[in-house]
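If you want the building blocks of each chain, they are given just below.
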Number of protein chains: 2
Amino acid sequence: MTTSETERVNAAVQRLRRAGLRNTAARRGVLDQLAHAVGGRGHLSVSELHHALLARGVVVELSTVHRVLRQLVELGIAHTVPVGRTTTFGLADDIHHHAVCGTCGDMRQLPAEAVAASVAAARAVGIDTDQSGHPNGVVVYGRCVRCRTTDR
Amino acid sequence: MTTSETERVNAAVQRLRRAGLRNTAARRGVLDQLAHAVGGRGHLSVSELHHALLARGVVVELSTVHRVLRQLVELGIAHTVPVGRTTTFGLADDIHHHAVCGTCGDMRQLPAEAVAASVAAARAVGIDTDQSGHPNGVVVYGRCVRCRTTDR
DNA sequence: GTGCTCTTGCCACTATCTTGCAATAGATCC
DNA sequence: GGATCTATTGCAAGATAGTGGCAAGAGCAC
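About the cut-offs
- Residues numbered from 1 in each chain as written.
- Chains lettered and ligands numbered in written order.
- Predicted model: local features only at pLDDT ≥ 70, side-chain atom pairs only at ≥ 80, totals over all residues.
- Heavy atoms only, no water.
- Least-squares fit on C-alpha atoms with pLDDT ≥ 70 in both.
- Contact = heavy atoms within 4.5 Å.
- Disulfide = S-S within 2.5 Å.
- Salt bridge = Lys/Arg side-chain N within 4 Å of Asp/Glu carboxyl O.
- Helix = DSSP H or I, 4+ residues; strand = E, 2+ residues; numbered from the N terminus.
- Near = heavy atom within 4 Å.
- Polar contact = N/O pair within 3.5 Å; in protein donor to acceptor, adjacent residues only side chain to side chain.
- Nonpolar A, V, L, I, M, F, W, Y, C, P; charged D, E, K, R; others polar.
- Buried area = accessible area lost by both parts, 1.4 Å probe.
- Pairing = 2+ DSSP bridges.
- Axes fitted to C-alpha atoms, helices over the stretch in contact; angles between N-to-C directions.
- Buried < 20%, exposed > 50% of the residue type's maximum accessible area, 1.4 Å probe, protein only.

## Comments concerning the relation of the copies chain A and chain B
Rotating chain A by 179 degrees and translating it 0.1 Å along the rotation axis places it on chain B, where the RMSD comes to 0.1 Å. Within this description, the copies of the chain are treated as partners about a two-fold rotation axis. Minimal C-alpha distance to the rotation axis in chain A is attained by Val139(A), lying at 2.6 Å. A high fraction, 100%, of the interface residues of chain A reappear at the interface in chain B, so the copies pair face to face through one surface.

This is the structure we're talking about:
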């Protein structure tokens, strides 16, 4: 884990503590994994996260991972992006939006400037994205180059 | 059902026929319902659609509704918008994108112009939205006025 | 009307996520 | 360090959403 990842995890733990939540192994593990994933290919599904934790020797129940993630989302520490039938999670410590391949689930970040017009249009019809603790943000669903060329 | 709804259903049935698919009661029922819903509050979940069909006397299995919808999406006749853990469906006969309340699932349409910059940004990172038969389009997740004021 | 074959109903199954409850483990105070 | 309080977790059962196989039935072409 890089220094920056450690810092982001620590910042998230501080927010948990301020919310009156305890600093448990399960929560640290989930945060570590999310911080690591955001640096990598992007967000993680619950089962990916669970497997990664077990592989690292952090023994937690799947139901616990679900509960931890729900809390992180409620606190605005993590955010969700639905991909097909599953939900993926990422840290929400920098404002970013997503482009998702609906076929393979590959995900890229989009800068806030690029989606500003979409956000404004949504607000104009009554949907506000500045709502911590709720799923929010812009998601562009499409297909990645690889899935297009291999016709998946 | 208005004249315009009937026309849209007929157009969709023509597309089915051209794809070599039969004009069955289940498919007509689903298309009717989708055409009606798009005129109303927006998209429908599978179970909403199923209940609406049964209420209208169109007796179909839930699994059939799933199968019909999957085919409609594959043909580009319908499109999907994930809302929380469920998927909602709408007719795709006009190009539009969506703003969704992540709390209550309320949905508004966004014009293509408003989301053009987001689509371009996604393409720049390799995600292309012009892919019929695949989930695509821009979705802005946020909260609607009602859920914000009632703090749901 | 006949016949071919696509569709559907039925049922079992998988995957994802939630919930209740008892046991466990953080955090605080002394 | 030890006692205590209570949030958190593991465990197990169950809810919800969607899929797949197969035989019976229904569209469509002729």
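## Thoughts on the state of the cysteines
Taken as a whole, this structure holds zero disulfides over all chains when the rule is applied. Counting only cysteine sulfurs, Cys101(A) is the nearest neighbor of Cys104(A), a cysteine outside any disulfide, at a range of 3.7 Å.

## What to know about the pattern of salt bridges
Evaluation of the coordinates by the stated rule reveals eight salt bridges over all chains. Of the charged contacts in the structure, one is a salt bridge between Arg148(B) and Asp128(A), with a shortest N-O distance of 3.5 Å. Highlighted residues: Arg148(B) in helix α6 (residues 145-149) and Asp128(A) in strand β6 (residues 127-128), drawn from two different chains. The salt bridge partner of Arg56(B) is Asp32(B), with a shortest N-O separation of 3.4 Å. Taken together, the positions of Arg56(B) in the loop between α3 (46-55) and α4 (62-74) and Asp32(B) in helix α2 (residues 25-39) put the pair 24 residues apart, joining distant regions of the chain. Within this structure, Arg123(A), Asp128(A) and Arg148(B) form a network of salt bridges that share partners.

## Some details on the protein's contact with DNA strand D
Close contacts around DNA strand D come from 24 residues, with Arg22(A), Thr24(A), Arg27(A), Thr64(A) and Asn23(B) the closest. Here the atoms of DNA strand D within 4 Å of the protein split so that 71% fall in sugar or phosphate, with bases taking the remainder. Note that a base nitrogen of DNA strand D is positioned 3.4 Å from one of the side-chain N or O atoms of Ser63(A). Measuring from a phosphate oxygen of DNA strand D, one finds a side-chain N or O atom of Thr87(B) at 3.3 Å. Elements with a minimum of two residues in the surface near DNA strand D: α2 (25-39) and α4 (62-74) of chain A together with α4 and β3 (86-91) of chain B. Split by residue class, the surface near DNA strand D holds six nonpolar, eight polar and ten charged.

## A closer look at the interface of chain A and chain B
The interface is formed by 36 residues belonging to chain A together with 36 residues belonging to chain B. Contact between chain A and chain B buries roughly 2,900 Å² in total, counting both sides, with carbon and sulfur atoms accounting for 64%. Looking only at chain A, the three residues that lose the most surface to chain B are Ile127(A), Tyr141(A) and Arg143(A), adding up to 21% of its buried area. Remark: the boundary between chain A and chain B carries two salt bridges. Where chain A touches chain B, the interface holds twelve residue pairs in polar contact (both at pLDDT 80 or more). Of all elements in the fold, only β4 (97-101), β5 (107-110), α5 (112-124), β6, β7 (137-144) and α6 (145-149) of chain A reach the threshold of two or more residues within the side of chain A that touches chain B.

## Concerning the sheet that holds strand β2 (residues 78-83) of chain B
Residues and elements named next belong to chain B. Across the sheet, which stays open at both edges, the three strands sit in the order β1-β3-β2 with antiparallel pairing between neighbours. Each edge of the open sheet is held by one strand with a lone partner, namely β1 (44-45) and β2. As paired elements, β2 and β3 share six bridges and run antiparallel to each other. The partner of Val81 across the bridge, within β3, is Thr88. Each of β2 and β3 is contacted by α4, which is oriented at about 110 degrees to β2, the strand it contacts most.

## Regarding the protein's contact with DNA strand C
Inspection of the region around DNA strand C gives 25 residues, with Leu21(B), Arg22(B), Thr24(B), Thr64(B) and Arg67(B) positioned closest. Here, DNA strand C places atoms within 4 Å of the protein, and 70% of those atoms are sugar or phosphate. Contacts to DNA strand C include Thr24(B), whose side-chain N or O atom sits 2.6 Å from a phosphate oxygen. In the environment of DNA strand C, a phosphate oxygen lies 2.9 Å from a nitrogen or oxygen atom belonging to the side chain of Arg27(B). Residue assignment for the surface near DNA strand C shows that the elements contributing at least two residues are α4 and β3 (86-91) of chain A together with α2 and α4 of chain B. The residue inventory of the surface near DNA strand C, partitioned by class, reads six nonpolar, nine polar and ten charged.

## Quick word on the environment of Val38(B)
Residue and element names in this part refer to chain B. With respect to the helices, strands and loops of the structure, Val38 is situated in helix α2. Accessibility expressed as a relative area gives 15% for Val38, which makes it buried. Distance from Val38 to Asn136, taken between C-alpha atoms, is 18 Å for residues 98 residues apart in sequence. The residues touching Val38, leaving out its near neighbours within four places in the chain, are Arg8, Gly90, Leu91 and Gln109.

## A look at the sheet that holds strand β1 (residues 44-45) of chain A
Residues and elements named next belong to chain A. On the basis of which strands lie adjacent, the open sheet formed by three strands has the order β1-β3-β2 and antiparallel pairing. Edge strands, defined here as strands with exactly one partner in the open sheet, are β1 and β2 (78-83). Across two bridges, the pairing between β1 and β3 is antiparallel. Looking across to β3, one finds that Ser45 is bridged to Thr88. Packing of α4 onto the sheet brings it into contact with β2 and β3, and relative to β2 it is tilted by some 110 degrees.

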